Amino acid sequence: DRLTDRVALLEGHGFEPARYNYRMRRDLSQPIPEVVLPGGVTLQHWQPELDAELIATFNEAFQDHWGFIPITEELWGLWMTGHPDFRPGLTFVAMDEQRGRVAGFSLNQVRTAEIDSSGVREGWIQELAVRRAYRRQGIATALMIASMRAFKESGLEYAGLGVDTENLTGALRIYERLGFESTHRYITFSKPYG
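Description of the structure in this document.

What counts and how
- Residues numbered from 1 in each chain as written.
- Predicted model: local features only at pLDDT ≥ 70, side-chain atom pairs only at ≥ 80, totals over all residues.
- Heavy atoms only, no water.
- Phe/Tyr/Trp six-rings, centres within 6.5 Å; stacked < 30°, edge-to-face > 60°.
- Helix = DSSP H or I, 4+ residues; strand = E, 2+ residues; numbered from the N terminus.
- Buried < 20%, exposed > 50% of the residue type's maximum accessible area, 1.4 Å probe, protein only.
- Lys NZ or Arg CZ within 6 Å of the ring centre and 35° of its normal.
- Contact = heavy atoms within 4.5 Å.

### Some points on the packing of aromatic side chains
So, point 1. In total, this model carries 6 aromatic pairs according to the counting rule given.
So, point 2. Their ring planes at 45° and their centres at 4.7 Å tell us that phenylalanine 58 and phenylalanine 62 sit as a pair that is tilted. Here the residue phenylalanine 58 and the residue phenylalanine 62 both occupy positions in helix α2 (residues 51–62), the gap between them amounting to 4 residues, near one helical turn. Of the two residues, phenylalanine 58 and phenylalanine 62, neither departs from the other in class, the shared state being buried.
So, point 3. Seen from their ring centres, tyrosine 175 and phenylalanine 180 are 6.3 Å apart, and the 55° between their planes marks the pair as tilted. Exposure class is identical for tyrosine 175 and phenylalanine 180. Each is buried.
So, point 4. A network of ring pairs unites the aromatic residues Phe58, Phe62, Phe68, Trp76 and Phe105 as a single cluster.
So, point 5. The ring of tyrosine 158 has arginine 25 sitting right over it, with the charged end atom 5.4 Å from the ring centre.

### What to know about the environment of aspartate 85
So, point 1. Relative to the helices and strands, aspartate 85 is located in the loop between α3 (73–81) and β3 (92–96).
So, point 2. Residues aspartate 85 and arginine 111, 26 residues apart in the sequence, show an inter-C-alpha distance of 5.3 Å.
So, point 3. The contacts of aspartate 85, once residues within four sequence positions are left out, are Asn108, Gln109, Val110, Arg111 and Thr112.

Given below as structure tokens:
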């Protein structure tokens, strides 16, 4: 949003803002709350045998989001667990022990190229997803807190994430409540054609 000349150029050609996204960061030197989970839900690290259920959780959690395209097993392996920045030891899965199923997850990365270029030692919450039946129980908050604690224990100084400001789950409010602040704002423009 700081590139006012480009915004003016797009608007001058009939493009209009369609969506706003933030890149957010949280300083891990600030106090991090304790993890609190609802009864019967436990946290564990990612295991490859959970991938099918994690894909289903992702697709269920994001199905109403703007521009959503379901993720396939191939894309999951390529962009998520097969990505070179993926960190299994920093990734958390919330399990409903009674039902033996995934309630949600926080898939996390350490973007080494960004750290090398910026000098900012940041862990990245790449995907945060909670199944609909488990929402509003504090699971997303617990996953984020576990992620931040793990980032700090591994020597990282910040936690980062991206968010659609109009996310239907109220994610932005959760992130702000946990101390995340916007560092960059992005605008997606669109223009009808035909």
